[in-house]
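Here's the letter readout for the chains.
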Amino acid sequence: MSAQLTDAQAWLASGRPAVVVSVVAAQGSTPRTQGTCMIVGKHQVIGTIGGGHLEDTAIRLAREQLQLSAGSSFEQQWALGPSLGQCCGGVMRLRFEALEAQVLARWPESPLRFKVQLYGAGHVGRALVQALLPLPGQVRWVESRSSELDLFLPTLNAHPQRNRVELVLVDDPIAEVPEAAPDAIHLVMTHSHALDLELVSAILRLPHAPVCGLIGSQTKKVRFERNLERRVISTRRLVCPIGLPGLRGKEPEVIAASVAAQILMGQWPHEHTLDDTLAARTAQEPVSEGR
């Protein structure tokens, strides 16, 4: 459920009058796409249909409708350049309708942009969840230390998108590896390098995990690759360090912003340390766990 829908439901329940402005058609170069919604009240606006002259005009029309107490809906279309003087050369058609239950019933769902299985609730893990919470995605957050998750619970419980995060408090995080969604990105950043290694090992054995991201330095990467090679585990899907290259800073919030951007952009520079045939060998032969 989006933050806008949560707010709209709260407004409707409280009896606050509002107008929902929806983009019903968008052609050419436009600031937002079809399905985008904005809620306009007498003194407050939630969401955006792209800003600029178009949004100012839409807010004015919505508030005029509020003053008339009109429950009927209407649509209006603008050619953004000729009609409003905007640089965008596209055409947008907007629908204006009173905030009512039937409008909420057909509220557009934002498509998920990502699924993440995150291991570790330390400083960077908490900062990353904070960065991902407002975004249309799902996070399954695995941790063995309740004390670390407890530090974030007040923030999570107060957030309108708290349902986007599933907390998994377990004694054995490795057992949760196969429970991830098949298309989830796995991100490993626990308090223990030994646990990190076992998690990475289990993740890379999965036949479907698209990415295994590991927080750490180039030195950690090399050590992990050598250990995984001894276990005959392909490191083709291992990404370490994680985060966009060139973005400097070791503060948890900086790392979190970098990793969040990497998730949205889908830029995961897969390594090819081992030959792809190792994956097939792993599937066919017993693998020694000796280090």
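Higher on the page you've got the structure.
One structure accompanies this document, and this report is about it. Quick caveat: nothing in here was measured; it's all calculated off a predicted structure.

The sheet built from six strands is open, its strands ordered S8-S7-S6-S9-S10-S11 with parallel pairing. Sheet topology places strand S8 (165-169) and strand S11 (238-239) at the edges, where each strand pairs with a single neighbour. Two elements, strand S9 (residues 185-188) and strand S10 (residues 211-214), share four bridges in a ladder whose sense is parallel. Across the sheet, residue Ile 185 finds its bridge partner in S10, namely Val 211.

So, on to the pattern of salt bridges. Once the charged atoms of two side chains with opposite charge are near each other, the side chains can pair. Applying the stated criterion across every chain, the model contains eleven salt bridges. Note that Glu 148 and Arg 126 form a salt bridge whose closest N and O atoms lie 2.9 Å from each other. Remark: Arg 126 occurs in helix H5 (residues 123-132) and Glu 148 occurs in helix H6 (residues 146-158); sequence separation between them is 22 residues. Comparing Glu 148 with Arg 126, the two get one shared label, buried. A network of salt bridges, in which partner residues are shared, links Glu 75, Arg 93 and Arg 95.

For H6, which comprises 13 residues, the first-to-last C-alpha distance of 19 Å matches the rise-based estimate of 18 Å (1.5 Å per residue) to within 8%. A bend of about 45 degrees at Phe 152 is the largest found in H6, and the proline Pro 154 appears one to four places after it. Every buried residue of H6 is accounted for by Glu 148, Leu 149, Phe 152 and Leu 156. Those residues of H6 that are buried are in contact with H5, strand S7 (137-143) and S8.

Taken together, the eight bridges between strand S1 (residues 19-27) and strand S5 (residues 91-98) define a ladder with antiparallel strand orientation. Along S5, the bridge assignment pairs Ser 22 with Arg 95. Bridge analysis of strand S4 (residues 74-79) against S5 gives six bridges, and the strand direction is antiparallel. For Ala 79, the partnering residue across the bridge sits in S5 and is Val 91.

Taken together, five strands build an open sheet; the order of strands is S3-S2-S1-S5-S4 and the sheet is antiparallel. Because the sheet does not close on itself, it has two edges, and the strands there are strand S3 (45-46) and S4. Against the sheet, helix H2 (residues 52-68) engages S1, strand S2 (37-40), S3, S4 and S5, with an angle of about 25 degrees to S5.

Using the criterion set out here, one finds two aromatic pairs in the structure. With a centroid separation of 4.7 Å and an interplanar angle of 5 degrees, the aromatic rings of Phe 74 and Phe 96 are classed as stacked. With a gap of 22 residues between them, Phe 74 in strand S4 and Phe 96 in strand S5 connect regions that are remote in the sequence. Look at Phe 74 and you get partly exposed, because its relative accessible area is 30%. Centre to centre, the rings of Trp 141 and Phe 152 are 5.4 Å apart; their planes meet at 80 degrees, and the pair counts as edge-to-face. With a gap of eleven residues between them, Trp 141 in strand S7 and Phe 152 in helix H6 connect regions that are remote in the sequence.

Within the element layout of this structure, Met 92 appears in strand S5. The spatial distance from the C-alpha of Met 92 to the C-alpha of Ala 79 is 6.7 Å, given a sequence separation of 13 residues. For Met 92, the residues in contact, after removing those within four places along its chain, are Val 23, Ala 25, Ala 26, Thr 30, Pro 31, Arg 32, Ile 49, Leu 54, Gln 76, Gln 77, Trp 78 and Leu 80.

Moving on, we come to the nonpolar core. Counting residues in hydrophobic clusters, the biggest one holds 28 residues, and the most contacted among them are Leu 118, Leu 128, Val 139, Trp 141, Leu 187 and Ile 263. Discounting chain neighbours no more than four positions away, the residues touching Leu 187 are Val 116, Gln 117, Leu 118, Tyr 119, Leu 128, Gly 213, Ile 242, Val 259, Ile 263 and Trp 268. Counting 22 residues, the second largest nonpolar core, distinct from the first, contains Val 170, Val 200, Ile 203 and Ile 233.

A word on the side chain of Glu 55. Note on placement: Glu 55 falls in helix H2. Buried charged residue Glu 55 carries no salt bridge. Nearest counter-charge: Arg 32, at 6.8 Å. At 2.9 Å, the side chain of Glu 55 forms a polar contact with the backbone nitrogen of Ile 49. Each residue touching Glu 55, except ones within four places of it in the same chain, is listed here: Met 38, Thr 48, Ile 49 and Gly 50.

Reading the values: rules and limits
Residues numbered from 1 in each chain as written. Predicted model: local features only at pLDDT ≥ 70, side-chain atom pairs only at ≥ 80, totals over all residues. Heavy atoms only, no water. Pairing = 2+ DSSP bridges. Helix = DSSP H or I, 4+ residues; strand = E, 2+ residues; numbered from the N terminus. Salt bridge = Lys/Arg side-chain N within 4 Å of Asp/Glu carboxyl O. Buried < 20%, exposed > 50% of the residue type's maximum accessible area, 1.4 Å probe, protein only. Expected span 1.5 Å × (residues − 1). Bend = angle between axes of the 7 residues up to and from the residue. Contact = heavy atoms within 4.5 Å. Axes fitted to C-alpha atoms, helices over the stretch in contact; angles between N-to-C directions. Phe/Tyr/Trp six-rings, centres within 6.5 Å; stacked < 30°, edge-to-face > 60°. Core = buried A, V, L, I, M, F, W, Y, C linked by side-chain atoms within 4.5 Å. Lys, Arg positive; Asp, Glu negative; His and termini not counted. Polar contact = N/O pair within 3.5 Å; in protein donor to acceptor, adjacent residues only side chain to side chain.

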